[in-house]
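Observations on the model geometry
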Amino acid sequence: MSAETNADAIAAADAADAATPSTREQRWRMVLGSEAQDSCGALGAGLSPLDAALAALYEPTGPGCLSRRGGRGGSAPNVARWLGDIRKYFPASVVQVMQRDALQRLDLRQMLLEKEMLEGIQPDVHMVANLVSLSGVIPAETKETARLVVRRVVEELMRKLEEPMRSAVTGALDRARRTRRPRHAEIDWNRTIRANLKHWQPEYNTIIPQQLIGYGRKSRRPQREITLCIDQSGSMAASVVYSSIFGAVMASLPAVATRLVVFDTAVVDMTEQLDDPVDLLFGVQLGGGTDIHGAVAYCQGLIREPRNSILVLISDLYEGGVEAKLLVRAQELVEAGVQFIVLLALSDEGRPAYDQSLAAKLAALGVPSFACTPDAFPGLMAAAIRRDDVNQWAAVNGLVPTRAEG
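Residues numbered from 1 in each chain as written. Predicted model: local features only at pLDDT ≥ 70, side-chain atom pairs only at ≥ 80, totals over all residues. Heavy atoms only, no water.

**Some thoughts on the packing of aromatic side chains**
Each pair of aromatic rings is reported with the distance of its centres and the angle of its planes. Scanning all chains against the criterion turns up 2 aromatic pairs. Arranged with centres 4.7 Å apart and planes meeting at 40°, the rings of Phe 246 and Phe 377 form a pair that is tilted. Here Phe 377 lies in helix α17 (residues 377–386) and Phe 246 lies in helix α12 (residues 237–251), a separation of 131 residues in the sequence. The same class applies to Phe 246 and to Phe 377, which are both buried. Ring centres of Phe 370 and Trp 393 lie 6.4 Å apart, and the angle between their planes is 45°; this geometry places the pair in the tilted category. Residue Phe 370 is found in strand β10 (residues 369–372), and its partner Trp 393 is found in helix α18 (residues 390–396); the two are separated by 23 residues along the sequence. Exposure remark for Trp 393: the relative accessible area of 13% places this residue in the buried category. (Phe/Tyr/Trp six-rings, centres within 6.5 Å; stacked < 30°, edge-to-face > 60°. Helix = DSSP H or I, 4+ residues; strand = E, 2+ residues; numbered from the N terminus. Buried < 20%, exposed > 50% of the residue type's maximum accessible area, 1.4 Å probe, protein only.)

**A short note on the confidence of the model for the protein chain**
As a note on interpretation, predicted positions should not be read in detail where pLDDT is low. Per-residue pLDDT for the protein chain averages 80, and the proportion of residues at 70 or more is 79%. When the criterion is pLDDT under 50, residues 11–18 qualifies, and its contacts beyond four places in sequence or with other chains add up to 19 contacts. Below pLDDT 50 for its whole length, residues 68–77 participates in 14 contacts with residues either more than four positions away or in separate chains. (pLDDT = per-residue confidence, 0-100. Contact = heavy atoms within 4.5 Å.)

**Re helix α2 (residues 24–32)**
An α-helix turns once every 3.6 residues. As a result, residues three or four positions apart point the same way. Among all positions of α2, only Gln 26, Arg 29, Met 30 and Val 31 are buried. One or two residues past the end of α2 sits Gly 33, with phi positive at roughly 90°.

**Quick word on the pattern of salt bridges**
On inspection of all chains with the given rule, the structure shows 7 salt bridges. Between Arg 147 and Asp 279 there is a salt bridge, with its nearest N and O atoms 2.4 Å apart. Of this pair, Arg 147 sits in helix α10 (residues 140–176) while Asp 279 sits in helix α13 (residues 277–282), placing them 132 residues apart in sequence. Classification of Arg 147 as partly exposed rests on a relative accessible area of 24%. The partly exposed category is assigned to Asp 279, whose relative accessible area is 36%. Among the salt bridges present, the one from Arg 386 reaches Asp 388, with a minimum N-O distance of 2.8 Å. (Salt bridge = Lys/Arg side-chain N within 4 Å of Asp/Glu carboxyl O.)

**Topic: the pairing of β10**
As a general feature of sheets, a regular strand has side chains that alternate between the two faces. Side chains Ser 369 and Ala 371 of β10 all project onto a buried face; the interleaved residues Phe 370 and Cys 372 project onto the opposite face, where all are buried too. As defined by bridge partners, strand β9 (residues 339–346) adjoins β10 across 4 bridges and the pair is classed as parallel. Opposite Leu 346, over in β10, you have Cys 372 as the bridge partner. Crossover connection from β9 via helix α16 (residues 356–364) to parallel β10: handedness right-handed. (Pairing = 2+ DSSP bridges. Right-handed = clockwise from strand over helix to strand, strands pointing away.)

Shown next, in the form of structure tokens:
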């Protein structure tokens, strides 16, 4: 087993329900694989099934290996059995890591192309991204199972992310709508009293409010226009999944007009699919080139009220189009009052590889760029709606914004 998988193997062995290594020698034997048997000793019967599941993936030339070098026919039953074994022996978080390793190391795409195997997979965001990328080649008899897998993940993420997103956006809109000249029925008495405590009149035993605080009448039209512009190159797969879910949540809020646009060398407006994130995801074509300028130009054409608009570009900024034109377009948007934000990723993995030079040039124009986690995204949108300093918000929340050059 290679050194890079040691941590995963240790976590798997420690967390296994069936058994755990009880001695230091057993622990190292599980990490190093069968080659360490002479120096670390044999494993007991209780650990043998766990060791076999690890060896099938991380020792691809050993017995029970999942490698397809000898042809697909003989390996398919092994993969199906292995998927069942790892779900039995390891917790879900470790199962997801091992499945990901199997796809990357051994190119076991039949895990996603055969119905029986797909049914045994522990679904997660990365598995959804892989399914979406393979949607064009998934056999017809497997497509419904693939959709069910994707829907399971989407529904789980919706349960986790919907309420924080909804609360953050509506709360920010309420604060943004606050007025100093409210009608009597719209006065926020608690805030008004706190703001006027210095005007307490002892002789009258009351406060004379010099400043009224309340909420203006709710507008019948959206108060903010939010456009999510998503790079659908392969490196942005997890970001596409999360963006689709957040876009669906915001689209359900009448106070914001939400659009979702995906792009590679072409631009596709997916706004009409926001009511069903699963349909939206299967409409995305991951991979291909990148024309960021073309996508931003399209989104600029959608904007009706620049000072009430937020444009979130989710991209690693490797521009395949004309960079100079993109910078001119960005400057136009900022000068018009649009809040233009670049997310280098919207995922749990942290900051990816990205074009640092272009990010710095955008920062110089007033376009902040940083990687954002799904948990932090609702707070980001709330800050943007309130027109807070997004760079400062990012720094306070541990998200490092790109600095301007020079």
